[in-house]
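Report on the structure
Chain residues, written in single-letter form:
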Amino acid sequence: MSLYFDAVAILTAPSTGGSFKSRIYSARNLRASPAQIYALITEASKWDIVLADVIEKADILSLERKLSPALALLLVYDHLLSKKGIAAPAAHPLRQAVERHKVRLKAEFTKARVRRGCASVEQLKAAVLREKREADGTNQFVYPRWVRVNNIRSTLEDQLRTTFAQYERVDTLAGLAPEVDDRTKQKLLYMDPNIPDLVAVPFGADFTSSPAYKNGEIILQDKASCFPAYLLLGDRGPKDPWEGDLVDGCAAPGNKTTHMASLLAKQQKQKKPRKQIISMDASRVRSKTLQKMVSLAGADPTVTVLQGQDFLALDPMDSQFENVTGLLLDPSCSGSGIVGRDDVPQLTLPQPKVPKSSKPQGKKRKRGTDDRDHPEEPQSKVTVGETSAAPSDENDIPSGTVDHDRLTKLSNLQARIVEHALKFPSATHVTYSTCSIHLIENEAVVARLLASDVAKERGWRLLRRDEQPEGLRRWKHRGVRRDRDIETGVESDESEAVAALSEDDLEACLRCWSGDSEGLGGFFVVGFVRDSQEDRVLVKEDSDAGEGGDHTVEDDDDEGEEWEGFSE
Ligand SMILES: C[S@@+](CC[C@H](N)C(=O)[O-])C[C@H]1O[C@@H](n2cnc3c(N)ncnc32)[C@H](O)[C@@H]1O
């Protein structure tokens, strides 16, 4: 019986972040096995709307005072749908509290099936899944698991022949969420049309024990996170490979550095790799992860890691940077584009019959508390098998609140970092990206940078849409002039910040938003270019080389990207 109490405890515990599975496996004081608890909650949640209805119609909550709504739902699930029935001795009072009503429960369950026009329990399961997706809005979009093939160790063709050999191709992202249940277990594959060597599979696909993952042949990297390196290095091939060195100024844990190395490997197939990327992070702790990721991706011959190096403290005029032609800057940001990781199933719970006057109005109450006096909670879009965080498993969880002072400080630092990059004497290409949705960290930073002395003196402009790599040229979500409302996605008239950018410059900015059919979190990226390395006007002596030290690097735990590692 501890199984059911433990499952209720998990469902009603306050969110502490982390995945649903990890929360169960790391929970203390559980007596039942984590695997059993996980299976019970996951399976029961697929039936919650039917079970809640059956329990209410059978009125067992009024008749059996020992049963809370969540407990009743889990017990009735096992009673009606699991092969072995309720996992408790026949004489156990809670088992009896359910089994006393078995005729009524069975009859209501059959009615629920017939009402939906289903001939079998299997058909009912699919119908319920459809209903749930429609109610949650999750039938319109799906968060997949994004997998990037690492060209240093493999090729897309090799991976399609090996790791994904059993996978069936689907033509749309939505195709990863077929009508039948258990899409997480299905081997479906979608070839991404925007980023080369990137595929999507159902989110539940687990590669952690696959050789390709352990050997660094494939890297689990969100699609949006692949935009910057591709925007910088483009569709070049062996005939016109990238010339010069590259710098990744804010690199840990290393997704974009290793992506750059992968693109270089593809462009320079025949050539022996040389140390072409200088990659750094101001955080020593995160630099260790960066170094590890670089090594496991096989990128050591290409990448020099400067551990604990503040990018702002580099002197652009130092001879070691004289051949740096491209820089990628993905500095600390608010992380407001990251979708939370709380994938704990939101169960629709039955409600006991209460006198009409005190019955709450509206939709059924969702999981979150077992306290019957609590007010109704808002419906959530999160369902089992989805994850609200899928696009950004590499990322940490944002705080969820908008702190304007913090955003201003972050945007000042972001602007300084990119401005510093624009000073490298041979640089012709710079990308700037954030996983923030706020205008102040994105288009507003771009506007400030374009207006800066260094941009004007050195002739920096934005990489126009028609100059962008083919896959990104096709990307339709572009820069915005005003902030969007986080909930509705509509551009707000009340937006405090308004980006002073031309239409062409807004077209040059690329945006990703959560909650649409693209399966991503919020992200922003833009490319700066200049047509010649000659300065238009002689630039004043740089006074900020070595200026690091008067700013703070964000805490390790508050950074936008996390590395999933190659073996867990
Ligand atoms: C969003 S994360 C970078 C993620 C990384 N680009 C990736 O794709 O894996 C931002 C990183 O910038 C680093 N950082 C912030 N300010 C920095 C600075 N001035 N110099 C170097 N690194 C900095 C932080 O320590 C953090 O690791």
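Counting from 1, residues in each chain are numbered in the order their sequence is written. With pLDDT at 70 or above as the cut-off, local features in this predicted model cover only qualifying residues; side-chain atom pairs require 80 or more to be listed or tallied, and sums for whole chains, interfaces and linings still use all residues. The basis for every side-chain value is the complete set of non-hydrogen atoms in the structure, without hydrogens or water.

What follows deals with the overall build of the protein chain. What counts as a helix is a DSSP run of H or I of at least four residues, what counts as a strand is a run of E of at least two, and both are numbered from the N terminus. Helix and strand counts for the protein chain come out as 19 helices and 13 strands. A 1.4 Å probe rolled over the protein chains alone gives each residue an accessible area, and that area as a share of the maximum for its type sets the label: buried under 20%, exposed over 50%, partly exposed in between. In the protein chain, which comprises 568 residues, the proportion classed as buried is 56%. Residue pairs in contact within the protein chain that sit at least 24 positions apart in sequence constitute 76% of those at least 6 positions apart. Working note: accessible area of the protein chain is about 24900 Å², and carbon and sulfur atoms make up 49% of it. Two residues qualify as a contact provided that any one of their heavy atoms is within 4.5 Å of a heavy atom in the partner residue. All accessible-area figures derive from a Shrake-Rupley calculation using a 1.4 Å probe, and residue coverage is judged against the displayed protein chains alone.

What follows covers the packing of aromatic side chains. Two rings from Phe, Tyr or Trp (for Trp, the six-membered ring) form a pair when their centres are within 6.5 Å of each other. A pair whose planes differ by under 30 degrees is stacked, one over 60 is edge-to-face, and the rest are tilted. All chains considered together, the criterion is met by seven aromatic pairs. Consider the rings of Phe-164 and Phe-207, whose centres lie 5.7 Å apart with planes at 75°: the pair is edge-to-face. Here the residue Phe-164 occupies a position in the loop between α10 (156–161) and β2 (168–169), and Phe-207 occupies one in the loop between β4 (198–201) and α11 (211–214), the gap between them amounting to 43 residues. This pair shows no difference in class: Phe-164 is buried, exactly as Phe-207 is. Through a chain of ring-to-ring contacts, the aromatic side chains of Phe-164, Tyr-167 and Phe-207 assemble into a single cluster. Placement of a charge over a ring requires the Lys NZ or Arg CZ to be within 6 Å of the ring centre, with the centre-to-atom vector within 35 degrees of the ring normal. Over the ring of Trp-513 we find Arg-484, and its NZ or CZ is 4.1 Å from the ring centre.

Our focus in this paragraph is the UniProt feature "binding site: S-adenosyl-L-methionine" (unreviewed entry) in the protein chain. UniProt positions are given in the numbering used here, feature names are shortened, and annotations may be inferred rather than shown by experiment. Sites flagged by UniProt as "binding site: S-adenosyl-L-methionine" (unreviewed entry) map to Cys-250, Ala-251, Ala-252, Pro-253, Gly-254, Asn-255, Lys-256, Asp-281, Asp-310 and Asp-330. Note that Ala-252 resides in the loop between β6 (245–248) and α13 (255–267). Sequence-distant contacts of Ala-252, that is, excluding residues within four places in its chain, are made with Met-280, Asp-281, Arg-286, Ser-287 and Leu-290. Along the chain, the position of Asp-310 falls in the loop between β8 (303–307) and β9 (324–329). Separated by 2.8 Å, the side chain of Asp-310 and the backbone nitrogen of Leu-312 make a polar contact. The definition of a polar contact used here is a pair of N or O atoms within 3.5 Å, where within protein one atom must be able to donate a hydrogen and the other to accept one, and adjacent residues in sequence count solely through side-chain atom pairs.

Attention now goes to α13. Multiplying one less than the number of residues by 1.5 Å gives the expected span of a helix. In this model α13 runs 19 Å from its N-terminal to its C-terminal C-alpha over 13 residues, within 8% of the 18 Å that 1.5 Å per residue would give. In terms of burial, α13 is a largely internal element, 11 of the 13 residues being buried. The set of residues buried in α13 consists of Asn-255, Lys-256, Thr-257, Thr-258, His-259, Met-260, Ala-261, Ser-262, Leu-263, Leu-264 and Gln-267.

The next point concerns the pattern of salt bridges. A carboxyl oxygen of Asp or Glu within 4 Å of a side-chain nitrogen of Lys or Arg is what we treat as a salt bridge. What the rule picks out here adds up to 22 salt bridges. In this structure, a network of salt bridges that share partners links the residues Arg-461, Arg-464, Asp-466, Glu-467 and Asp-531.

Before going further, it helps to spend a moment on the side chain of Ser-287. Summarising the element assignment, Ser-287 is placed in helix α14 (residues 284–296). For Ser-287, a relative accessible area of 0% gives the class buried. Excluding residues that lie within four positions of it along the chain, Ser-287 makes contacts with Ala-252, Asp-281, Val-305, Leu-306, Gln-307 and Gly-308.

Each disulfide consists of one covalent bond between the sulfur atoms belonging to two cysteines. Sulfur atoms of two cysteines make up a disulfide when they are within 2.5 Å. Applying the stated criterion across every chain yields a total of zero disulfides. Distance from the sulfur of Cys-333, which forms no disulfide, to the nearest cysteine sulfur (Cys-435) is 3.5 Å. We classify Cys-333 as buried; its relative accessible area is 3%.

Attention now moves to helix α15 (residues 404–421). Taking 1.5 Å as the rise per residue, α15 with 18 residues should run 26 Å; its terminal C-alpha atoms sit 26 Å apart, in good agreement. Of all the positions in α15, only Leu-407, Leu-410, Ser-411, Leu-413, Gln-414, Ala-415, Ile-417, Val-418, His-420 and Ala-421 are classed as buried. As for α15, its buried residues are in contact with β9, β10 (429–434), α16 (443–450) and β13 (523–529). Measuring from the backbone nitrogen of Asp-405 back to the side-chain oxygen at the start of α15 gives 3.0 Å, which picks out Asp-403 as the cap.

With respect to the helices and strands, the residue Pro-93 is situated in helix α7 (residues 93–99). Overall, the relative accessible area of 41% leaves Pro-93 in the partly exposed class. Distance in space between the C-alpha atoms of Pro-93 and Lys-66 is 8.9 Å, their sequence separation being 27 residues.

Let us now look at the sheet that holds strand β5 (residues 218–220). Note on pairing: DSSP must find at least two bridges between two strands before they are called paired. The five strands are arranged β2-β3-β4-β1-β5 in an open sheet whose pairing can be described as mixed. Each having just a single partner strand, β2 and β5 make up the two edges of the open sheet. Two elements, β2 and strand β3 (residues 188–191), share two bridges in a ladder whose sense is parallel. Pairing of Arg-169 across the sheet is with Leu-189, part of β3. Axes, fitted as lines to C-alpha atoms, cover a helix only where it is in contact. Angles between the N-to-C directions of the axes lie from 0 to 180 degrees. In the packing of α13 onto the sheet, the strands contacted are β1 (145–149) and β5, and the crossing angle to β1 comes to about 40°.

Across the junction of Ala-252 and Pro-253, the peptide omega takes the value 5°, indicating a cis bond. Structurally, Pro-253 is set in the loop between β6 and α13. With phi around 65°, Asp-197 is a residue other than glycine that occupies positive phi space. For Asp-197, the location among the structural elements is in the loop between β3 and β4.

Moving on, we come to the nonpolar core. In plain words, nonpolar cores are sets of buried Ala, Val, Leu, Ile, Met, Phe, Trp, Tyr and Cys residues tied together by side-chain atoms within 4.5 Å. Counting residues in each nonpolar core, the largest one holds 48 residues, and the members touching the most others are Tyr-4, Ile-37, Leu-67, Leu-74, Leu-75, Val-76 and Leu-105. Top contributing element to this core by residue count: helix α6 (residues 69–81), with nine residues. Setting aside residues no more than four positions away along its own chain, Val-76 makes contact with Leu-51, Ile-55, Ile-60, Leu-81, Val-98 and Leu-105. In terms of nonpolar packing, the next biggest core, distinct from the first, is built from 44 residues, Val-170, Leu-188, Leu-198 and Leu-463 among them.

Further remarks concern the packing of helix α4 (residues 48–58) against helix α8 (residues 102–115). When two helices pack together, their arrangement is captured by the angle between the axes and the distance separating the axes. With their axes 9 Å apart at the nearest point, α4 and α8 run at an angle of 130° to one another. When the interaxial angle is binned, α4 and α8 end up oblique. Pair α4 / α8 crosses with right-handed handedness. Across the interface between the two elements, Val-50, Asp-53, Val-54, Lys-57 and Ala-58 of α4 pack against Arg-104, Leu-105, Glu-108, Phe-109, Ala-112 and Arg-115 of α8. As a working rule, the residues Ala, Val, Leu, Ile, Met, Phe, Trp, Tyr, Cys and Pro are called nonpolar, Asp, Glu, Lys and Arg charged, and the rest polar, with Gly in that last group. Here the residues of the contact of α4 with α8 are counted per class, giving six nonpolar, no polar and five charged. Any angle that falls under 35 degrees is termed roughly parallel, while one over 145 is termed roughly antiparallel, one within 65 to 115 roughly perpendicular, and all others oblique. A clockwise turn of the near helix away from the far one marks a right-handed crossing, whereas an anticlockwise turn of less than a right angle marks a left-handed crossing.

Most of strand β7 (residues 277–281) is tucked away: five of the five residues are buried. Side chains of β7 alternate between two faces, with Ile-277, Ser-279 and Asp-281 and Ile-278 and Met-280 buried alike. The pairing of β6 with β7 spans three bridges and is classified as parallel. Note that in β7 the partner of Val-247 across the bridge is Ile-278. Clockwise travel from the first strand over the helix to the second, with the strands pointing away from the viewer, marks a crossover as right-handed. For the crossover that starts at β6, traverses α13 and ends in the parallel β7, the hand is right-handed.

Viewed as axis vectors pointing N to C, α6 and α8 meet at an angle of 80°, and their least axial separation amounts to 11 Å. The orientation of α6 with respect to α8, classified from their angle, is roughly perpendicular. On α8, the residues touching Val-76, His-79, Leu-80 and Leu-81 of α6 are Lys-102, Leu-105, Lys-106 and Phe-109.

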